[in-house]
Amino acid sequence: MEEDDIVEGTGAGADSVGSRLRVAREKAGLEIAQVAAETRIPQRHLQSIEEGKFSTLPSRTYAIGFSRTFARAVGLDEHEIMAQVREELAAGASDDRGVAARFEPGDPARVPDRGLAWFALLATLLLLAGVYAFYQSYFAPGIDPAPLREESVPVAAASPATISPVLEAVQPTVSDPVVFTNEVDGTWVRFYDGEGERLFEGIMARGDTFTIPADAVNPQIRTGRPYAFAITVGGKSVPRLSEKDETVSDVPVTATALLARPPASTAASSQVSSPSAPASPPT
């Protein structure tokens, strides 16, 4: 049996990994459900880590990886946490040396969950549908090949004088409303003003929208899925906060700040919450 399949539980003392992560989470003003939504780690696994019950996790690799992501979300040094997890796992293994870890039939660590099975079935059906469509398009009798050349249609050139007024008419202004639309299922987000007063906090479903209040002073955002939100200013699309899977915090979301963002989606990298100073707006 491989080492990764053997995970021993350790106590959750005052200086343990679990206690350090729990204290850092509470200091940041985060509920464990919020950390689960940001990191996409099941809440039961986060609770097991805080309680030092590594034996309930699927394997040693999961214990180290989940602890590292947890530490990053609450502003702790992820490398230091990983090293401490390895030490606690090693201490637990030495205390129970000689006791072999076993997996009973139907162990969830070995058997794919129902969601994965349905996903595999759906992928198979889509693949078969694609093969069938390809056959109908290219090999079915009676279908002629596509022309080698497309006929070009002359298009009258428009003068700059006729284009400029149209372009100017659709340009958003700093007084236009700012609307965030979630495009991913179950995205946790917090909007708050410059004084830390909460404007909205919760998990938004796919298609949900939130309009920044016009009287909000220096509105900002914190979320673990900046790529999930399509943003418009006066109905005009602006670049997303980030295209990467990262936690962003204290990012201004005024019309002025969003219109000043460059086209590249790397602007939000400078706004990622620092491990040494996690953002903690009032809940």
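Everything numeric here is computed off the predicted structure, so don't read it as measured data.

## Concerning unusual backbone geometry
Although it is not a glycine, Asn218 adopts a positive phi angle of roughly 50°. Structurally, Asn218 is set in the loop between strand E4 (209–211) and strand E5 (220–223). For Asn218, a relative accessible area of 38% corresponds to the partly exposed category. Positive phi values are uncommon outside glycine, yet Asp250 reaches one of about 60°.

## Some points on the packing of aromatic side chains
Tallied over the entire structure, the rule returns 5 aromatic pairs. Look at Phe191 and Phe210: their rings are 4.6 Å apart centre to centre, the planes differ by 20°, and that puts the pair in the stacked class. Taken together, the positions of Phe191 in strand E2 (residues 187–192) and Phe210 in strand E4 put the pair 19 residues apart, joining distant regions of the chain. The pair formed by Phe191 and Phe210 is uniform in burial state, with each residue classed as buried.

## Description of the sheet that holds E4
If you walk across this open sheet you meet the 4 strands as E4-E1-E6-E7, and the pairing is antiparallel. The open sheet is flanked by E4 and strand E7 (236–238), the only strands paired with a single partner. Taken over all neighbouring pairs, the strand axes of this sheet differ in orientation by 30° on average, direction set aside. Note: strand E1 (residues 178–182) against strand E6 (residues 229–233), 5 bridges, orientation antiparallel. Opposite Thr181, over in E6, you have Ala230 as the bridge partner.

## Considering the pattern of salt bridges
Taken as a whole, this structure holds 14 salt bridges when the rule is applied. Linking Arg190 and Glu201 is a salt bridge whose minimum nitrogen-to-oxygen distance equals 3.1 Å. Taken together, the residues span a long stretch of sequence, with Arg190 in strand E2 and Glu201 in strand E3 (residues 198–204) at a distance of 11 residues. Judged by its relative accessible area of 0%, Arg190 falls in the buried class. Under the relative-accessibility criterion, Glu201 is labelled buried at 18%.

## Regarding the packing of helix H3 (residues 43–50) against helix H4 (residues 60–74)
In the contact formed by H3 and H4, the axes pass within 11 Å of each other and the chain directions differ by 90°. By the angle between their axes, H3 is roughly perpendicular relative to H4. Note on element contacts: H4 touches H3 through Phe66, Ser67 and Phe70, opposite His45, Leu46, Ile49 and Glu50. Looking at the contact of H3 with H4 residue by residue, the class counts come to 4 nonpolar, 2 polar and 1 charged.

## Overview of the pairing of E3
Where E2 and E3 come together, 6 bridges link them in antiparallel fashion. The partner of Trp188 across the bridge, within E3, is Ile203. Counted between consecutive antiparallel strands, the loop separating E2 from E3 contains 5 residues, among which Gly196 sits at a positive phi close to 85°.

Procedures and definitions
- Residues numbered from 1 in each chain as written.
- Predicted model: local features only at pLDDT ≥ 70, side-chain atom pairs only at ≥ 80, totals over all residues.
- Heavy atoms only, no water.
- Helix = DSSP H or I, 4+ residues; strand = E, 2+ residues; numbered from the N terminus.
- Buried < 20%, exposed > 50% of the residue type's maximum accessible area, 1.4 Å probe, protein only.
- Phe/Tyr/Trp six-rings, centres within 6.5 Å; stacked < 30°, edge-to-face > 60°.
- Pairing = 2+ DSSP bridges.
- Axes fitted to C-alpha atoms, helices over the stretch in contact; angles between N-to-C directions.
- Salt bridge = Lys/Arg side-chain N within 4 Å of Asp/Glu carboxyl O.
- Parallel < 35°, antiparallel > 145°, perpendicular 65-115°, else oblique.
- Contact = heavy atoms within 4.5 Å.
- Nonpolar A, V, L, I, M, F, W, Y, C, P; charged D, E, K, R; others polar.

Remember that the coordinates give geometry; whether it matters functionally is a separate question.
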